[in-house]
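Tertiary structure, described
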Amino acid sequence: MKIDELKAEIAAIVTQIESLKRERAQLPAIEVDPGEISPEALAQAYRRQARETSEIAAELKGIDDAIAALNVQLERKQGELTRYHRRHPMQERVERARDRAIVHAERINDLAVELAEEVKALKAIADEISPSYWQVYYKPFITGFKSISVPHVRSDGEVWTIVNRVV
C-alpha cells in the first residue's frame, strides 16, 4: 500500500468520526441531575431515562460503538503509516546510494571502453614489432594477450553484475 493511499484512508476515517460526533451532538442528550442523590437513585434515574428514550439511547450507543470501531481502525492505519515512515528513510538511503553507484558504474564502463581501446592498440603494436623484438632481444615483447579482460557493469534493473569482457 502506498503512503498516499494510507493518508487518504486515514483522512476518510477522521472525516467519518467527525461526522458521527456532529450527529451525536445533535441528538437530545439523556440528562439526569446527579445532585445529592444516592448511587442507587442515580442508577435508577438513568435507567428510567433510558427506558423513556430507548430509541435515542440505542442510536447514541450505535454512534458511540461506530466511533470506537473507527478509532481502532484509525490507530491501525496510523500505525501502518508510522511503520512506513520508519522504512522510508532506509529506502531513501538505499535509493541515494544506488544513484551514486550508477554514476560509478557508468564511469567504470566508460573507462573499460577506453582501456579496451588502449589494450587493442598495444596489442597491434606488439603484433607489429614482436618478430623484430625476438630477433634483437631473443624474448617476447609482451605476453598474455589471450586472457586480457576489462570490467563491465550491467544491471537487470534490480541486481547488478560485474563481468569481465575479454579484449
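Glancing now at the packing of aromatic side chains. Within this structure, the stated rule accounts for two aromatic pairs. Each ring, one from Y133 and one from Y137, has its centre 4.6 Å from the other, and the planes form 40 degrees; the classification is tilted. Residue Y133 and its partner Y137 are both found in helix α3 (residues 54-137); the two are separated by four residues, about one turn of the helix. The class for Y133 is partly exposed, based on a relative accessible area of 24%. With a centroid separation of 5.0 Å and 65 degrees between ring planes, the pair formed by Y133 and F141 is classed as edge-to-face. Taken together, Y133, Y137 and F141 form an aromatic cluster joined through their ring pairs.

Further remarks concern the environment of V119. Tracing the sequence through the fold places V119 in helix α3. Residue V119 is classed as buried on the basis of its relative accessible area, which comes to 14%. Separated by 94 residues in sequence, V119 and A25 place their C-alpha atoms 84 Å apart. Look past the residues within four positions of V119 in its chain and what remains in contact with it is F145, I148 and V167.

Now for the pairing of strand β1 (residues 149-155). Put simply, side chains in a regular strand alternate between the two faces of the sheet. Across seven bridges, the pairing between β1 and strand β2 (residues 160-166) is antiparallel. When the bridges of β2 are listed, S155 appears paired with W160.

Before going further, it helps to spend a moment on helix α1 (residues 3-26). Taking 1.5 Å as the rise per residue, α1 with 24 residues should run 34 Å; its terminal C-alpha atoms sit 35 Å apart, in good agreement. Listing the buried residues of α1 in full gives I3, L6, I10, I13, I17 and L20.

Applying the stated rule across the entire model yields four salt bridges. Of the charged contacts in the structure, one is a salt bridge between K77 and E9, with a shortest N-O distance of 2.6 Å. Residue K77 is found in helix α3, and its partner E9 is found in helix α1; the two are separated by 68 residues along the sequence. Relative accessible area serves as the criterion here: at 11%, K77 is assigned to the buried category. Relative accessible area serves as the criterion here: at 27%, E9 is assigned to the partly exposed category. A salt bridge links K61 to D65; its shortest N-O distance comes to 2.8 Å.

A word on a negative patch on the surface. Together, E106, D110, E114, E117 and E118 line one region of the surface with negative charge. Summarising the element assignment, E117 is placed in helix α3.

Phi angles above zero are rare outside glycine, and Y138 is one such case at about 60 degrees. You can call Y138 exposed: its relative accessible area is 67%.

Definitions and cut-offs
- Positions within a chain are numbered from 1, following the residues in the order the chain's sequence is written.
- pLDDT decides what is reported in this predicted model: residues at 70 or higher carry local features, side-chain atom pairs at 80 or more are listed and counted, and totals for whole chains, interfaces and linings draw on all residues regardless.
- Here the side-chain values reflect all heavy atoms present in the structure, with hydrogen atoms and water set aside.
- Two rings from Phe, Tyr or Trp (for Trp, the six-membered ring) form a pair when their centres are within 6.5 Å of each other. A pair whose planes differ by under 30 degrees is stacked, one over 60 is edge-to-face, and the rest are tilted.
- Numbering goes from the N terminus for both helices and strands, where a helix is a DSSP run of H or I of at least four residues and a strand is a run of E of at least two.
- Burial status follows relative accessibility: with a 1.4 Å probe on protein chains alone, a residue under 20% of its type maximum counts as buried, one over 50% as exposed, and anything between as partly exposed.
- Any two residues whose heavy atoms approach within 4.5 Å at even a single point are treated as in contact.
- For two strands to be treated as a pair, DSSP must find no fewer than two bridges joining them.
- To estimate how far a helix should extend, the number of its residues minus one is multiplied by 1.5 Å.
- Definition used for salt bridges: Asp or Glu carboxyl oxygen within 4 Å of a side-chain nitrogen of Lys or Arg.
- Surface patches are drawn from residues lacking salt bridges whose relative accessible area is over 30%; two like charges belong together within 9 Å, two nonpolar side chains (Val, Leu, Ile, Met, Phe, Trp, Tyr) within 5 Å.
- For accessible areas, the Shrake-Rupley method is used with a probe of radius 1.4 Å. Any residue's cover is judged against the shown protein chains and nothing else.
- By the counting rule applied here, Lys and Arg register as positive and Asp and Glu as negative, while His and the ends of each chain are not counted.
- In plain terms, the charge of a residue is placed at NZ if it is Lys, CZ if Arg, CG if Asp and CD if Glu.

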